[in-house]
Structure formats: C-alpha cells, structure tokens
Number of protein chains: 2
Amino acid sequence: MSTPGVAIIGVGQTSVGEHWDRSLRDLAVEALLSAIQDAGSPAVASLFVGNMMAGELTGQEHLGALVADFAGLRGIEAVRVEAACGSGAAALRLGCMAVASGAADVVAVVGVEKMTDRPGAEVTAALAMAADGDYEARQGLSFVALNALLMRRYMHEHGVTREEFAPFCINAHRNAVGNERAMFPFTISAEDFSKAKMIADPVSLLDSSPVCDGAAAVILTSLETARAMGRRAVRVRASAIGTDTIALHDRRDILELRGAATSAARAYEQAGVTPSDIDFFEVHDAFTIMSVLSLEAAGFAKRGEGVRLGLNEEIGRTGRIPITTMGGLKARGHPVGATGMYQLVEAALQLRGEAGVNQVPNATLGMTQNIGGSGATVVTTILEALA
Amino acid sequence: MSTPGVAIIGVGQTSVGEHWDRSLRDLAVEALLSAIQDAGSPAVASLFVGNMMAGELTGQEHLGALVADFAGLRGIEAVRVEAACGSGAAALRLGCMAVASGAADVVAVVGVEKMTDRPGAEVTAALAMAADGDYEARQGLSFVALNALLMRRYMHEHGVTREEFAPFCINAHRNAVGNERAMFPFTISAEDFSKAKMIADPVSLLDSSPVCDGAAAVILTSLETARAMGRRAVRVRASAIGTDTIALHDRRDILELRGAATSAARAYEQAGVTPSDIDFFEVHDAFTIMSVLSLEAAGFAKRGEGVRLGLNEEIGRTGRIPITTMGGLKARGHPVGATGMYQLVEAALQLRGEAGVNQVPNATLGMTQNIGGSGATVVTTILEALA
C-alpha cells in the first residue's frame, strides 16, 4: 500500500492478566473507550476487532457488532478480523486500508482475547486451530510442541545451548517491571531460566508466554485530519502482511520464517527504510525461539546469529536493537488476538515519549511484528514519531 | 467510501449441499481457483476469506493463510473476516477497501462454510454465537427461536397469516430449479408450505434455510486495470455495512431492522441511486420473515407491507423487484459465511447476462443484502453492469 498518510491519534489498553471478574466485551470496551478518549473523542465511523478464539472460549462470534453495541457506537460499520495470533496487527492493517481508501475518516481498531474462563486443555486445543487442523493439530501437535521442534532444530543446526536463549527472557521480564499493565512485572535470573520447568523439551516455562486476558486499541485517521484536530500523532509508515505454509512440515527449511521475511521486506519497501533505521523492535516472543527467528527474518541478524543479539546485550533498552520494551509477550502477557495491538500501543507510547522508565532514548522509528501460527501469517508494522 | 472504481472481473462457486467427501479447504480452493480462472488468471496480491464457524465446526482458525497456501498462493497477504452470517459480503467490503486504497491491485475474496461434518445440535449452538452469547444464546435462544419471535410479532402487529408468507418460499424454490448449484432445485406449492412441519411456531421447515456446505469467490481489481485487461467487468457501485444492537431485546422496535436500513441508506448514497433504480435484489432469506423485514428496511415496501410484495407477485423474475433470483438462502442453500459471496456471484452473473433461464431481463443494477445475526450486522452491496 504505502498507507498514504495514516496516523494513530489515540491508544488504550487494559492490564493483562487473569480477569476473572471481567467479560470479553468489558475488556474490549474499556480499551476502546480509553483510546477514543485519548484521541480527543472524535466520531468513529468504522471498527475493526482483532480476535482469534472468542467462539471457542467464550461462545461468542460476531464481535464487530457486539463491541460497537456495548461501546455506545451502535450503527457504525464493524467487523472482526482473524489471523490467529496475528489478528491484532492484521486488524490494524485493514483499519489503515479503511482510512487510506477514504471509506472512513476515523477508524477504531481493538484487539481482544479472553482465555482464562476455560480449562487449560481447551485453551491448548483452541490455540492449535492456528496450525493445520487436519494435518498438525489432529495429530496432537500443540503450539508448544511446534516451537520445541523449531528450537531443537535451531540448537542442533547452529550449535547453541538452551541456556544461551536466557537473555531474551531476562530482558522481557526486566522491561515488564516498568510496565504497570504487565502480567509478570518481576525479574528473572539466568539461574531461574536454567532451572525452569520443562514444558516440551527444549521449551521451558520461561520460554513460554502465558495464557491471559486483555484488550488494546488505537484510533486511526488521515494525517490531514490528525493535523486539523491538532492531535499528537504517530504515523503508520508501513503495514504489511506476508504468509507462508500453514503447516511446519510443508516448509523446505523450518528455520527460515519466510512469512516474516516477506512481511518485513514489504514493510521496509513501503516505508523506504532498512533495518538499521529501526530504533526498536517489538518482536512476537510467544516462545523464545520465535524472537530469534523473527530477528533473523527481519534482517537484524544473519541466519544462526539471532541468539547472539541477546548474548551481546544488543536487545536491551539502550542496545543496538531494543526488543520487547514493555515486557513482550513473555512478561507483559500474550492475550492472543490482542497481542498485535499491545505491541502497537506500546510502540506508539515509545514514539510519543511516554514509555516512562522504559523509554527508548531518541526513538523515532519503531517496528512491530505480530505472528500467527508457526509464522503462517506475519504482520509487520512500522511507526514513526511526528514532530 | 464510494468504492471509487472497483470491479469484479471473475466469479466462482461450488455447488451447495452436503459435501461429505470434501473438506473446508477443498471447497474454498475450488471456488477461488474457478474465480481466478474466470478472471483470466491475474496475479492475486491479497486474499480475504469470509467465514463464521470453521473453528467451532471443523477445528480450524487461520483460514487466510490456510486457503492461500492450498490455493498455490503462498506468500500473499491473507486474512479472515467474520461478521456472523454477514461474513461473506463483509469480506467483499474489505476487499474493495484494499483495491481502493491502492494496497493491492488484484484482490480475491472467498466465502466458505463447512457445516455438515458435525451433529445438528452443535451447528445450532455454533450459529447461536451470532447472537448475544451471554444474554441470548446462554438462555437457550437459537436463531430459529429469534426469528419465530420476529415473525409472530409481525403477524400480530400487521394482521398477517402464516400462509401469506408462502410466495417467498415458492419463488425461491422456483428459481432454484434453474440453478444447477442449488441444494433444493424443486418447486414447492402453497399447500406444501401450509402443511410444512413446524420448527418454532410460526417458523416452519419451509421458512428455514438449510444447514449445508459451499464456497463462492470473486476477483476484484480497479476499473482501470479491468479495462486494461480487457475483462468483462461488473462494477461495485456501493458496499456498506450498518450495525444494530446484537441482542433483539435491546431494540425499541424489533420489526425495524435498523442495521439494514442504515446499511441500505449508505449504499444508496454511495451509488447515488434510489430503490426504484434497482433491477433485482438478493435478500438474506435465512428465514422468510427476514426477506420481508429486509425489503421494508431497504425501502421496497412500507412498514407492514413487505409481505404484499409476495402476494402481489412483485418478487418474481419479471416482477417489480425480483428477489432470490437463483434460489436464495432458502433453496440455493445457506452455507453461512459463504452466503454473502453466493449472492454477489449470482448478482454478477445476472449483470453479465449469464443467469440462463433465471436471467432478469435488462438487469443493469443489482443489490444484495447479507445479514449477520438478527440484523446486528448488515452489508448492502450494489453492482452495476458495465457495457
């Protein structure tokens, strides 16, 4: 596209955690109204709701109309967008199209997921619907198992030990301490990581993001309208989706995330930038190995060298390429369909200089990458601070 | 929007029925490849998949990547769009935005649903997720029950008998005879309708559309590209979504489909036309009462008089406002997330003069209305024949 002149003029987010006393609609409405207020309460014409599993886990489809209704926006255009764990940023991509096509002047995008109302086995089964239902999930492959295959192959092929992945978890938890909405705002040591309970060898508990609830939202409009409103805006310089085979076994090389590489390449082209121009990168660290493969696919490290970015302390707040600056999926939490929107809200806050103690110094260009399934859908977004 | 210059250059559809030997991906890929071939095999850049219940009924989310993968389109942008039974036309609306924004030159939109692999009670429960999960479905209200409330109220308020709804069913079945892809290509008499088995009084079996499988697809591009390709094109003159309360009990007047009225008004405004300009209207006859309320909301009859359009023989192929020209949801079938796309494919065929024995004479402007839930999401599309 090139998203000609689309800007984020408002952001909102709920805390991430086990919201036993809140329903899915409560969370979505809280984030949405908060974003609308942050944008100066403009009239919203279209709503895009990113969500993966409301049907399976809460017995509710049709979230576009539901959220519009309960947010006091009855009548407006509203649809749900689904791309597994990439649903949030995919919804933003479509919201940008709505603005860029002239279909709507002010667009709201909210990502929401309510995962904690059902038993863990049901959540695992629902998550597996992001994989190939007939040829992966039905054979018993869960997402932890799929990521274990990836991590084991990476360790084998590149001669890396499990302990060498620790910096990614340590960095995420360190950053979560400064994020009041994070689910796990506490630090983790290398020893903790080393001794963590194994889930699917070599993926341990501390390589895995949590099951949780949350919602995050942004308000989009054209750059012209944002200027006319006098709003503090963050520009969407690029938003691009790339896909790959849905099943891991259909890839020639499972360590190459082609969807991520395609999506990043398209985003760089739209924005006219290269990886070296990016000031921070919100990676999709659903599992540690995903951070590493994502950094390699997006051009921040050569094949097999992504893990070194952690070892060389390049991923911290003042490093070469800060990642998971507010805790990431690992420590802020991973409410699946909301995750892409959390990444975007956090990136927007960084670019507005409102990231508090987690502020990346002089951040003007931030990138997020939201991944669905084993990299079958990847959405890369590049945001830019406006003076 | 005004969908500036978007055209349909290819259509494809599977037969509608109980496809025991075909999976969801088989159906989607068949319709999609057929549409691509019909369009002259252009390179597709983006794919929008309309679907409601693949998660609940087939254990598969993430249909964007899945369908792209199995259709031989790995790598392209792909997402799923969901708006309950309005998913198909909602996907078209987003596809139009993709073209109009310049995000993609050639866009594929496919609607698909696979309903017959699960027991009826599970299908009924999954369909009820289009209603308010917490306040309707959980209280036992199914969609047949919700439509029974609407029909009973209509009969009471307007002094109409059950038998007076018969022409809608008779017309749909008569038109299905000429549609080789229809599920029920046989005629129904007034006596059949009168004696039909009651499902939820006053909704009988012959007021209800069937549980079935199917997929339908279109290829979109800009008018400029369509002309350059020398393709036989149908122009998308309008595509508009309107919403209403998700729960029936939250409406001041349940016989007023405000979402449909809003959606139709927006579509008329985009196209710069009035109901009298429309040559035929593909209504969402999931239940007979929905056809009647839709005709009233879209301005083809005054309140309480929609049922007379049937009694006065105005809905037939050569009547004032032909509806369900290829059998409608009632007789072609209602594979939920695919239905909106079937309506659009059929409307495009009418406007290309390729509707065979069901051809509406001199059709140049056709309208479709695809409804999600009890009218909580309504998508109205207006298509125009190009010389």
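Residues numbered from 1 in each chain as written. Chains lettered and ligands numbered in written order. Predicted model: local features only at pLDDT ≥ 70, side-chain atom pairs only at ≥ 80, totals over all residues. Heavy atoms only, no water.

**Student:** Got a sec to walk through the overall build of chain A? Specific residues and values, please.
**Tutor:** Helices and strands together make up the secondary structure of chain A, namely 14 helices and eleven strands. Taken against the 2.2 N^0.38 rule, which gives 21 Å for 387 residues, the C-alpha radius of gyration of chain A at 19 Å falls within 12% of a compact globule. Considering chain A as a whole, with its 387 residues, one finds that 69% of them fall into the buried category. Put simply, of all contacts in chain A between residues at least 6 apart along the chain, 78% involve residues at least 24 apart. Of the roughly 11,900 Å² of accessible surface on chain A, 49% is carried by carbon and sulfur atoms. Positive and negative side-chain charges of chain A, numbering 32 and 43 respectively, have mean locations separated by a distance of 2 Å. (Helix = DSSP H or I, 4+ residues; strand = E, 2+ residues; numbered from the N terminus. Rg over C-alpha atoms; globule rule 2.2 N^0.38 Å. Buried < 20%, exposed > 50% of the residue type's maximum accessible area, 1.4 Å probe, protein only. Contact = heavy atoms within 4.5 Å. Areas by Shrake-Rupley, 256 points an atom, 1.4 Å probe, with all protein chains shown as cover. Lys, Arg positive; Asp, Glu negative; His and termini not counted. Charge placed at Lys NZ, Arg CZ, Asp CG, Glu CD.)

**Student:** Describe the pattern of salt bridges, naming the residues involved and giving the relevant values.
**Tutor:** Evaluation of the coordinates by the stated rule reveals 50 salt bridges over all chains. Residues Arg93(B) and Glu77(A) are paired through a salt bridge, measuring 2.5 Å at the closest nitrogen-oxygen approach. In this pair, Arg93(B) sits in helix H4 (residues 87-100) while Glu77(A) sits in strand E3 (residues 77-82), so the two residues belong to two different chains. For Asp132(A), the salt bridge is made with Arg25(B), and the minimal N-O distance between the two is 2.7 Å. (Salt bridge = Lys/Arg side-chain N within 4 Å of Asp/Glu carboxyl O.)

**Student:** Tell me about the relation of the copies chain A and chain B, and name the residues and values.
**Tutor:** Mapping chain A onto chain B leaves a residual RMSD of 0.0 Å; the transformation is a rotation of 180° accompanied by 0.0 Å of translation along its axis. What we have between these two chains is a two-fold relation. For chain A, the residue whose C-alpha comes nearest the rotation axis is Ser101(A), separated from it by 1.9 Å. (Least-squares fit on C-alpha atoms with pLDDT ≥ 70 in both.)

**Student:** A description of the interface of chain A and chain B should follow, citing residues and the corresponding values.
**Tutor:** Listed as interface residues are 60 residues of chain A and, on the opposing side, 60 residues of chain B. For the chain A and chain B pair, buried surface summed over both sides reaches about 4,500 Å², with 51% attributable to carbon and sulfur atoms. Summed over the three residues of chain A that lose the most area to chain B, namely Glu61(A), His62(A) and Glu82(A), the buried surface amounts to 15% of that side. Summed over the shared surface of chain A and chain B, the result is ten salt bridges. For Arg80(A), the salt bridge identified is with Glu82(B), shortest N-O distance 3.0 Å. (Buried area = accessible area lost by both parts, 1.4 Å probe.)

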